[in-house]
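# Understanding the architecture of this molecule
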Amino acid sequence: VYKVEEYLDECIGSIVRQTYEDLEIILVDDGSPDNCPEKCDNWAKKDPRIKVLHKKNGGLSEARNEGMSKATAKYIAFVDSDDWIEMTYVEHLYRAIQKTGADISACDVREIRSDKDRLAANVGTGQTVACSPEKALSELLKGRTFRAVAWNKLYRAGLLKGERFEVGKLHEDEFFSYRIFDKAGLLCYTDLPLYNYRKRGGSIMTELTIQRLDSLEAY
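Residues numbered from 1 in each chain as written. Predicted model: local features only at pLDDT ≥ 70, side-chain atom pairs only at ≥ 80, totals over all residues. Heavy atoms only, no water.

Counting across every chain of the model gives 12 aromatic pairs. Measuring from centroid to centroid gives 4.6 Å for W151 and Y195, while their planes differ by 15°, and the two rings are stacked. Residue W151 is located in the loop between α6 (133-142) and β7 (153-156), and its partner Y195 is located in strand β8 (residues 187-198); the two are separated by 44 residues in the primary sequence. A residue is classified by how much of its surface remains accessible, and W151, at 5% relative accessible area, is buried. Y195 sits in the buried class, given a relative accessible area of 0%. Grouping aromatic residues by their ring pairs yields a cluster made of F78, Y155, F165 and F176. The cationic tip of K46 hangs over the ring face of W43; the distance from NZ or CZ to the ring centre is 4.1 Å. The ring of F78 carries the charged tip of R64 above its face, separated from the ring centre by 5.7 Å. (Phe/Tyr/Trp six-rings, centres within 6.5 Å; stacked < 30°, edge-to-face > 60°. Helix = DSSP H or I, 4+ residues; strand = E, 2+ residues; numbered from the N terminus. Buried < 20%, exposed > 50% of the residue type's maximum accessible area, 1.4 Å probe, protein only. Lys NZ or Arg CZ within 6 Å of the ring centre and 35° of its normal.)

Let us now look at the packing of helix α1 (residues 8-16) against helix α2 (residues 36-46). The packing of two helices is summarised by the inter-axis angle and the distance between the axes. The N-to-C vectors of α1 and α2 enclose an angle of 25°; their axes lie 11 Å apart at closest approach. Here α1 lies roughly parallel to α2, going by the angle between them. α2 is crossed by α1, and the crossing has right-handed handedness. Between α1, through L8, D9, I12, G13 and V16, and α2, the contact on the second element is made entirely by C36, K39, C40 and W43. Classifying every residue of the contact of α1 with α2 by side-chain character gives 6 nonpolar, 1 polar and 2 charged. (Axes fitted to C-alpha atoms, helices over the stretch in contact; angles between N-to-C directions. Parallel < 35°, antiparallel > 145°, perpendicular 65-115°, else oblique. Left-handed = near helix turned anticlockwise from the far one by under 90°. Contact = heavy atoms within 4.5 Å. Nonpolar A, V, L, I, M, F, W, Y, C, P; charged D, E, K, R; others polar.)

Once that is clear, we can look at α6. One turn of an α-helix holds 3.6 residues; hence residues three or four places apart share an orientation. For α6, the set of buried residues is P133, A136, E139 and L140. What you see down the axis of α6 is that its buried residues fit within an arc of 120°, all on one side. Of the residues in α6, the exposed ones pointing more than 90 degrees away from the buried face are E134 and L141. Contact partners of the buried residues in α6: β6 (128-131), α7 (172-183) and β8. G143 occupies a position one or two residues after α6 and carries a positive phi of about 75°. (Arc of directions from axis to C-beta.)

Before going further, it helps to spend a moment on the environment of L186. You can see L186 is positioned in the loop between α7 and β8. Residue classification places L186 among the partly exposed positions, given a relative accessible area of 26%. Placed 119 residues apart in sequence, L186 and G67 show a C-alpha to C-alpha distance of 25 Å. Ignoring sequence-local partners within four residues, the contact set of L186 consists of T100, A102, D103, I104, A130, C131 and S132.

Another aspect to go through is unusual backbone geometry. One non-glycine residue, T145, adopts positive backbone phi at about 40°. Tracing the backbone shows T145 in the loop between α6 and β7. Backbone geometry at R147 places phi at a positive 60°, although glycine is not the residue there. With respect to the helices and strands, the residue R147 is situated in the loop between α6 and β7.

What follows deals with the side chain of N152. Note on placement: N152 falls in the loop between α6 and β7. Among the polar contacts made by the side chain of N152, one reaches the main-chain carbonyl oxygen of C107 at a distance of 2.8 Å. A distance of 2.7 Å separates a polar atom in the side chain of N152 from a polar atom in the side chain of K153. When sequence neighbours within four positions are dropped, the list of residues in contact with N152 reads Y89, L93, S105, A106, C107, V109, T145, F146 and Y195. (Polar contact = N/O pair within 3.5 Å; in protein donor to acceptor, adjacent residues only side chain to side chain.)

The biggest cluster of nonpolar side chains holds 29 residues, and the ones touching the most others in it are L8, I12, I25, I50, Y89 and Y195. Mapped by element, the contributors of at least two residues to this core are α1, β1 (25-29), α2, α4 (89-100), β5 (104-112) and β8. Ranked by residues supplied to this core, first place goes to α1 with 5 residues. The residues touching I12, leaving out its near neighbours within four places in the chain, are L27, W43 and I50. Core analysis: the second largest hydrophobic core is formed by 22 residues, M68, C131, Y155 and L159 among them. (Core = buried A, V, L, I, M, F, W, Y, C linked by side-chain atoms within 4.5 Å.)

Here it is, written out as structure tokens:
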């Protein structure tokens, strides 16, 4: 959580309202200088499932690593604090794992650039397809279905043991995902767009810097 005061309530609200309710919700305040730390604490007062970690600003990778180190659940999912998830996000991904025996389940993503995108209907068949790590890596390289991002997936926690996001890299997801895919025995994917990815001006991924070339190193 960092400088997302405008979007934070929608993000956290979408998590606490999940149809699958047995959740451990960890909010990592990465030294945000706005009202985000107070917002996180207020949410924790309202929902006992929420734990808040306040830390000195160190960037996204460091914040995720801190959250992973405190997680105790059997499965882990990541949600960026300016995005939001559909109410059935966790339930669908968890059921897909139960159905297929996969170590990782992923869903489609809806990219939100304007209010018009928010009003667009969520489409998809709901069909779940299982595939090998090799096939998933192929799709990752094409930027389709599984994607290189960390946040449209549910992982068996054991896969993430000893793993960390690389601090100092802009494309930290690309340096992370291929390693986790390689450790999985099976992955599965549903074409339902259950994760809403907000593409906004001023975010990390809209600034053109030399660090954007980190993705080439990762691939």
